[in-house]
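Read off the chains here:
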Amino acid sequence: TMPSYRSSLIRAPLVWVEGEFHENVLIRVSESGKIEEIGTHLTPREGETEVTLDHQALLPGFINTHSHAFHRFLRGRSFIGQQAATTFWAWRDNMYALVENIDWDTLKGYCSTVFSEMLSAGITTVGEFHYVHHGKERFDLDSAVLEAAKEAGIRITLIQALYQRGGFASPLLAPAQERFVSSFDDFIQSVEKLDKIAHERATIAVAAHSLRAVDESTTQKLWEYARSTNRPFHIHLEEQPKEISDCISSTGQSPSQWLLGMGVDGGVTAVHATFTPRERMEALAKAGVHISVCPCTEGYLGDGVPHIDESTHLCLGTDCNNRISLLEEMRWAAFSQMAKHNSRAVASLSATRLFEAATVTGAASLGLSEVTGRLAKGFAFDFLTIDLSSPLLKDCPPSQLLDSIVFSLDNREIVTVGVDGDVRYQRK
């Protein structure tokens, strides 16, 4: 069994607080797993356990804003470089085949495997963008995702995704897509049912899968519902040129034009935006919209590199989960921009900014800004630790540690990961 750090006083050589590493900082964790105090002169209280994390740096846990857990089971079937998967659309058919006959136990098993792997990668919160709703009955698969998260111990925002049609011209649905579709009213009912069964580490957000899958007026209606019930709203946006050209020929506007016309704000996260033109990216930033980039998946699917700059409200996702590592997502978010622009100074993508994308901005995207994403008083003690004795960090002073973590380390340097003060992963 894993230890719990509730009702404990935690000491680590280096702790990431307020944007930098501090030495000899202590963290008092309450009985409920929240951070009660942070300081250099805390003394143990009666009945409190003292925990010293030797040779470890303590940081807030990573926040993954975009995951499709079941895609992980296409691992080893990328067909990259082969005719079987020349485009995103060909890959999509392989993905559909995976869920054509899915049932509750299978989906729960998929999610359990993936959520446990996420914890081992330092991910303490996942935004699971969920659209595979119907197994034997309508919406019966949704509870499988929540159940898997509860058992794994990961914090989850279940992003319940509306899916109405197979494309702009409403082509016939592939058999797998039958599991995705519903009417608006049935969908809203499912969201409210999920609120009732959500456990303490779960919240329910909503998404329009994409403008391909949900028409403009319904997307607007769903955004208004999200706003009135104070839920985050997510949408896949302009991941492929075909989505933009189909949308323009069908409606006269591109998806990003529609989105901006809806009066969006910081409650919205657009996922990918790989083909969104620069001026509309700037307009989305001005509106406060978060952009969830998933560089390992965007590379894996040949999606492209988005136009991001200093103003982009950047957060990160693991999307298809072929590789689960927010360290790698951070790096590739920077490297893809640098390679594209032939420059080492694009969009201020420093280690600090990338780490914020993986924590603070991620929390904002999932509506958890007051709950997690930083080590601060009143926040959940969601954390990861890094092995300071790793040969990869030889002679690394504290001032260079974050840069080394973001640009040099791998998941294997992560030692301990916890959610609400309970340890959920410990390196063997």
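Residues numbered from 1 in each chain as written. Predicted model: local features only at pLDDT ≥ 70, side-chain atom pairs only at ≥ 80, totals over all residues. Heavy atoms only, no water.

1. Things to note about the overall build of the protein
On a plain count of helices and strands, the protein comes out with 13 helices and 18 strands. Taking 428 residues into account, the globule formula puts the C-alpha radius of gyration at 22 Å, and the protein, at 21 Å, falls close to it. Across the protein, contacts joining residues at least 24 apart in sequence account for 72% of those joining residues at least 6 apart. On the protein, roughly 16,900 Å² of surface is accessible, and the fraction owed to carbon and sulfur atoms is 48%. With 39 positive and 54 negative side-chain charges, the protein shows a separation of 2 Å between the mean positions of the two kinds. (Helix = DSSP H or I, 4+ residues; strand = E, 2+ residues; numbered from the N terminus. Rg over C-alpha atoms; globule rule 2.2 N^0.38 Å. Contact = heavy atoms within 4.5 Å. Areas by Shrake-Rupley, 256 points an atom, 1.4 Å probe, with all protein chains shown as cover. Lys, Arg positive; Asp, Glu negative; His and termini not counted. Charge placed at Lys NZ, Arg CZ, Asp CG, Glu CD.)

2. Digging into unusual backbone geometry
Phi is positive for E238, close to 50°, though the residue is something other than glycine. Looking at where E238 falls in the secondary structure, it is placed in the loop between strand 12 (233-237) and helix 6 (241-251). At N342, a residue that is not glycine, the phi angle is positive and equals roughly 55°. The topology assignment puts N342 in the loop between helix 10 (326-341) and helix 11 (351-357).

3. Points about helix 8 (residues 278-287)
When we look at burial in helix 8, the residues that qualify are R280, M281, L284 and A285. Here the buried residues of helix 8 occupy an arc of 145° about the axis, which is enough to place them on one side. Facing away from the buried side of helix 8 by over 90 degrees, the exposed positions are E279 and K286. On its buried side, helix 8 packs onto strand 12, helix 7 (255-261), strand 14 (290-293) and strand 15 (313-316). (Buried < 20%, exposed > 50% of the residue type's maximum accessible area, 1.4 Å probe, protein only. Arc of directions from axis to C-beta.)

4. Structural notes on the sheet that holds strand 9 (residues 123-130)
Within a sheet, adjacent strands bond to each other through the backbone by hydrogen bonds, running parallel or antiparallel. With respect to topology, eight strands assemble into an open sheet ordered 8-9-10-11-12-13-14-15, the strand pairing being parallel. Both outer strands of the open sheet, strand 8 (62-67) and strand 15, are each paired with one neighbouring strand and no more. Taking the axes of each pair of neighbouring strands and ignoring which way they run, one obtains an average angle of 25° across the sheet. In this structure, strand 14 lies alongside strand 15, joined through four bridges in parallel fashion. (Pairing = 2+ DSSP bridges. Axes fitted to C-alpha atoms, helices over the stretch in contact; angles between N-to-C directions.)

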